[in-house]
Every structure is written in structure tokens, then in C-alpha cells.
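Descriptive analysis of the structure
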Amino acid sequence: MATDAPPPSKEQHRLPSTEEFAEVQQSAEFGELRRSFRSFAFPLTIAFVAWYLLYVLLSNYAGDFMGAKLFGNINVALVLGLAQFVTTFLIAWWYSRHAAAKLDPKAEAIKTRMEGGA
């Protein structure tokens, strides 16, 4: 399986001090990185958990609805259950694209500056 990432570098990186970590953690750039992550991850997590709980509640309390045949032996419960898997993979794919476009470049810039001492 090929990846876009280059192989790990053989050169030694300078390890930042505790004070440098604390300073970067308080920086506006790091705050923006956290906000960018949270503004994406938290709403999607809440939406997915709500969607999952809806499925569980419907399974427990709306048996007639969930048992309704759509075609052949395929009922609403099966379609919604499979939609849970589809939703999981779509969210993972969407997050991967978001991270590659928005989070990874910011994180790499912070990491490079800390390891390089710039």
C-alpha cells in the first residue's frame, strides 16, 4: 500500500523543552489549530451519536416501523443499520480530507518550528 508521506528522516531532531511546549500551547497558531479540529470533530461526533441513538431508539420502540418491508426481505431496520456503516466510512473519509487540507499543514509548521528552533 503506497502512501504520500515521505519515509522518516534519519537526522536527529532537537527536542523542545517543557517551557517551549507550554509557550507553543498558549500561542494563537496552536489555538487556531485546536479550533479548526474542534469545529469539525465535535459537531460530527454529536451528529453521529444522535444518529446512532435514533437507530437504537427506533429499534427498541418502533418495531413495526423498523420491521416494515421495503422490498423482498429487506426492511427499514436493515437499511438503517447498513446506513450506520456507510455513515461511519463517510465521516472517516471526510475527516481525512479535512485533516490533510487544514490540520496537517498547521501542525507540521508548528512541529518544524519547534524541532528546528526557529
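Each residue is numbered by its place in its chain's sequence as written, counting from 1. pLDDT decides what is reported in this predicted model: residues at 70 or higher carry local features, side-chain atom pairs at 80 or more are listed and counted, and totals for whole chains, interfaces and linings draw on all residues regardless. Hydrogens and water are ignored here; the side-chain numbers use all heavy atoms of the structure.

1. Brief notes about the packing of aromatic side chains
- Aromatic pairs are defined between Phe, Tyr and Trp rings, using the six-membered ring for Trp, whenever the two ring centres lie within 6.5 Å; interplanar angles under 30 degrees are classed as stacked, those over 60 as edge-to-face, and all others as tilted. Overall, the coordinates contain three aromatic pairs when judged by the stated rule.
- Each ring, one from Phe-37 and one from Tyr-95, has its centre 6.3 Å from the other, and the planes form 85°; the classification is edge-to-face. Placement of Phe-37 in helix H2 (residues 28–61) and of Tyr-95 in helix H4 (residues 76–116) is noted, with a sequence separation of 58 residues between them.
- Burial classification: accessible surface area is computed with a 1.4 Å probe over protein chains only, and a residue below 20% of its type maximum counts as buried, one above 50% as exposed, and the rest as partly exposed. Judged by relative accessible area, Tyr-95 falls into the partly exposed class, the value being 32%.
- With a centroid separation of 5.1 Å and 80° between ring planes, the pair formed by Phe-40 and Trp-94 is classed as edge-to-face. Taken together, the positions of Phe-40 in helix H2 and Trp-94 in helix H4 put the pair 54 residues apart, joining distant regions of the chain.
- The buried category is assigned to Phe-40, whose relative accessible area is 11%.
- Of the residues examined, Trp-94 reaches a relative accessible area of 46% and is grouped as partly exposed.
- One aromatic cluster is present, built from ring pairs that chain together Phe-37, Phe-40, Trp-94 and Tyr-95. Each helix is a run of H or I in the DSSP string that is no shorter than four residues. Each strand is a run of E no shorter than two, and both are numbered from the N terminus.

2. Observations concerning the UniProt feature "transmembrane region" (unreviewed entry) in the chain
- UniProt positions are given in the numbering used here, feature names are shortened, and annotations may be inferred rather than shown by experiment. Per the UniProt entry, the sites bearing "transmembrane region" (unreviewed entry) are residues 40–58 and 70–95 in this numbering.
- For the annotated span residues 40–58, helix accounts for 100% and strand for 0% of the residues, and the straight-line distance between the end C-alpha atoms is 27 Å.

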